[in-house]
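Coordinate analysis (summary)
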2 protein chains.
Amino acid sequence: MTGRRQEIRERNRLSLIEAVLDSVAEKGISETSVSEIIHRAELSRGMIHLHFGGKDNLVDEAARYSSEQYYNGIYALLETTGQTGQEHIEMIVRGDLSEAILNKKNVSIWYAFRGEARNRAAIAAFSDTRDAKLRNLVFNAFARIAKEAKVDDPNQVARDATHGTLAMLEGMWTDYLLHPDSFDRNEATRIVFRFLSSMFPAHFDLDGALSLE
Amino acid sequence: MTGRRQEIRERNRLSLIEAVLDSVAEKGISETSVSEIIHRAELSRGMIHLHFGGKDNLVDEAARYSSEQYYNGIYALLETTGQTGQEHIEMIVRGDLSEAILNKKNVSIWYAFRGEARNRAAIAAFSDTRDAKLRNLVFNAFARIAKEAKVDDPNQVARDATHGTLAMLEGMWTDYLLHPDSFDRNEATRIVFRFLSSMFPAHFDLDGALSLE
DNA sequence: GATTTAAATGGACGATTGTCCATTTTGCAA
DNA sequence: TTGCAAAATGGACAATCGTCCATTTAAATC
């Protein structure tokens, strides 16, 4: 059993991580100082060094945590849907563009870290991990779809569809970043499905996945 | 005629801007300090205040300059191509993914500024401008294509194609950011054209624009 | 209840930040 | 060539940065 001592310890640890994410979302990375973090976490100055050994490690940990949250969100959605390739894809697309995942806070955080990725190995590393996992999931779904669609070179088509779909979703996030208030989720979703229905007319239409007869 | 005095003045001004961009590309925004900038520009400490009134203004100006450079590059390419809609689109796609525009330095800079966009009004503002201009150019091209393709609701199709194409290009930039060494320009280009040829089979194939008979 | 020890505190510290201005340099006009 | 003014210099400055540790607090154990 976890003693009260360890429980408090972990709560404080988490408070620091969440304070970093809140600050990054609201003020950006360059204004996320130690003073800012400990003020938000309502903890004392020494805690960062105690728990993480330094500010940089804490920030890396916060980035990792945030990435994990995103991925858990997508995974949870996949549990709730059917098993066909097009259902998986539909769920990923809708999930990635849903309010729960694509919102001002997450976008601010994600782009702030992306901006640092080139210069911080730790951040670049799991930014990759997220992509690799998701990419694999999407590819497997498209591989099934491409096979069913009997296209020439189904492997290449599946790879292109994966790459193209993820790229388009990335671009929608950028759109949201730059115009969070005028961004239209339904329009963004429809555009992705327009792409998919052009490529696989038997599997998708503008509204999402089709069930094959 | 520009006197030698003014000429030196403007050269120094530009040196500061380029020093900022070099530093942002190499070290990131958070490590781009006044000391770093003036060291790179080989100028004295007071110059930033003299020319720009402060560091923040200089950084904003550098971001504006960088955005202008991007846009000029795309525009220059458009001068060299034909006048059909699909030729314009092809040139924008190829240009946006070309070594001259999509390279490590530009990507580092662009994402660094994007990461700050949410928290710096000046940077967000022209980040928008770039998008609005380019978007308009692309939309006009797709509007012609959609009309020729005789689709239902050509206006909506053109809007979706514009949105989808730009989103996909954005996503390719992100890909390049995260995997600059394994990124394959030809593959990225082919995927965009796969999307376009699915939507407008009479205007595009996997290799780019088709000329209508 | 007394003792032990892990956890948390908060201030001291040197380094670095961006700003600003008294001084020096230098191009240009008289 | 001299005098003027614009431009550039570089160090002083207060503010803030992140680190670290001597001290205090409080949970766990005896």
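That block above? That's the structure.
Report on the accompanying structure. This structure is a prediction, so every number in the text was calculated from the model and none was measured. (Residues numbered from 1 in each chain as written. Chains lettered and ligands numbered in written order. Predicted model: local features only at pLDDT ≥ 70, side-chain atom pairs only at ≥ 80, totals over all residues. Heavy atoms only, no water.)

On to the relation of the copies chain B and chain A, then. Superposing chain B onto chain A requires a rotation of 180° together with a translation of 0.0 Å along the rotation axis, leaving an RMSD of 0.0 Å. Classification of the inter-copy transformation places it as that of a two-fold axis. Distance from the rotation axis, computed per C-alpha, reaches its smallest value in chain B at M168 of chain B: 2.1 Å. Of all interface residues in chain B, 100% are interface residues in chain A too; the two copies therefore contact each other through one and the same surface. (Least-squares fit on C-alpha atoms with pLDDT ≥ 70 in both. Contact = heavy atoms within 4.5 Å.)

Further remarks concern the protein's contact with DNA strand C. Taken together, 22 residues lie around DNA strand C, and R5 and N12 of chain A together with R4, V34 and K55 of chain B are the ones closest in. When atoms of DNA strand C within 4 Å of the protein are split into backbone and base, the sugar-phosphate part holds 57%. Those elements that place two or more of their residues in the surface near DNA strand C are α1 (4-27) and α3 (47-52) of chain A together with α1 (4-27) and α2 (34-41) of chain B. Among the elements that take part in the surface near DNA strand C, α1 of chain A stands out by supplying four residues, more than any other. Here the residues of the surface near DNA strand C sort into five nonpolar, 10 polar and seven charged. (Near = heavy atom within 4 Å. Helix = DSSP H or I, 4+ residues; strand = E, 2+ residues; numbered from the N terminus. Nonpolar A, V, L, I, M, F, W, Y, C, P; charged D, E, K, R; others polar.)

Our next topic: the packing of α1 of chain A against helix α2 (residues 34-41) of chain A. Residues and elements named next belong to chain A. Where α1 contacts α2, the two axes come as close as 8 Å, and the packing angle between them is 120°. Crossing of α1 over α2 shows right-handed handedness. The residues of α2 that touch α1, namely those facing S15, L16, A19, V20, D22, S23, E26 and K27, are E36, I37, R40 and A41. For the contact of α1 with α2, a count of residues per class yields five nonpolar, two polar and five charged. (Axes fitted to C-alpha atoms, helices over the stretch in contact; angles between N-to-C directions. Left-handed = near helix turned anticlockwise from the far one by under 90°.)

This paragraph deals with the protein's contact with DNA strand D. Surrounding DNA strand D, one finds 22 residues, the nearest of these being R4, V34 and K55 of chain A together with R5 and N12 of chain B. Counting only the atoms of DNA strand D within 4 Å of the protein, the fraction contributed by sugar and phosphate is 58%. In this structure, a phosphate oxygen belonging to DNA strand D sits 2.5 Å away from a side-chain N or O atom of K55 of chain A. Between DNA strand D and G46 of chain B there is a distance of 3.3 Å, counted from a base oxygen to a backbone nitrogen or oxygen. (Polar contact = N/O pair within 3.5 Å; in protein donor to acceptor, adjacent residues only side chain to side chain.)

All right, on to the nonpolar core then. The biggest cluster of nonpolar side chains holds 85 residues, and the ones touching the most others in it are F142 of chain A together with F142 of chain B. Among all residues touching F142 of chain B, those that are not within four sequence positions of it are I89, A158, A161, T162, T165, L196, F200 and F204 of chain B. (Core = buried A, V, L, I, M, F, W, Y, C linked by side-chain atoms within 4.5 Å. Buried < 20%, exposed > 50% of the residue type's maximum accessible area, 1.4 Å probe, protein only.)

In the structure shown here, the tally under the stated rule is 35 salt bridges over all chains. Note that R120 of chain B and D56 of chain B form a salt bridge whose closest N and O atoms lie 4.0 Å from each other. One end of the pair, R120 of chain B, is in the loop between α6 (104-117) and α7 (121-149); the other, D56 of chain B, is in helix α4 (residues 55-79), and 64 residues separate them in sequence. A relative accessible area of 16% places R120 of chain B in the buried class. Taking the relative accessible area as the measure of exposure, D56 of chain B reaches 49% and is therefore partly exposed. A cluster of three or more residues bridged by salt bridges with shared partners is formed by R13, E61, R64 and E68 of chain A. (Salt bridge = Lys/Arg side-chain N within 4 Å of Asp/Glu carboxyl O.)

To continue, consider the environment of A209 of chain A. Residue and element names in this part refer to chain A. Mapping A209 onto the fold places it in strand β2 (residues 208-209). A209 sits in the partly exposed class, given a relative accessible area of 24%. Setting aside residues no more than four positions away along its own chain, A209 makes contact with Q86, E87, E90, H203 and F204.

Here the focus is the packing of helix α8 (residues 154-178) of chain B against helix α9 (residues 185-199) of chain B. Residues and elements named next belong to chain B. Taken N-terminus to C-terminus, the directions of α8 and α9 make an angle of 165°; their axes are 11 Å apart at the nearest point. By the angle between their directions, the pair α8 and α9 is classed as roughly antiparallel. Crossing angle aside, the handedness with which α8 passes α9 is right-handed. Where α8 abuts α9, its residues V157, A161, G164, T165, M168, L169, M172 and Y176 lie against R185, A188, I191, V192, F195, L196 and M199. Split by residue class, the contact of α8 with α9 holds 12 nonpolar, two polar and one charged. (Parallel < 35°, antiparallel > 145°, perpendicular 65-115°, else oblique.)

Residues and elements named next belong to chain A. Applying the stated criterion to the full structure yields 13 aromatic pairs over all chains. Centroid distance Y71 to Y75: 4.8 Å. Interplanar angle 85°. Geometry classified as edge-to-face. Linking Y71 with Y75, this pair stays in helix α4 (residues 55-79), spanning four residues, or about one helical turn. For Y75, a relative accessible area of 37% puts it in the partly exposed group. Each residue in the set Y70, W110 and W173 is aromatic and connected to the rest through ring pairs, giving one cluster. (Phe/Tyr/Trp six-rings, centres within 6.5 Å; stacked < 30°, edge-to-face > 60°.)

Function cannot be inferred from these measures alone, as they are strictly geometric.
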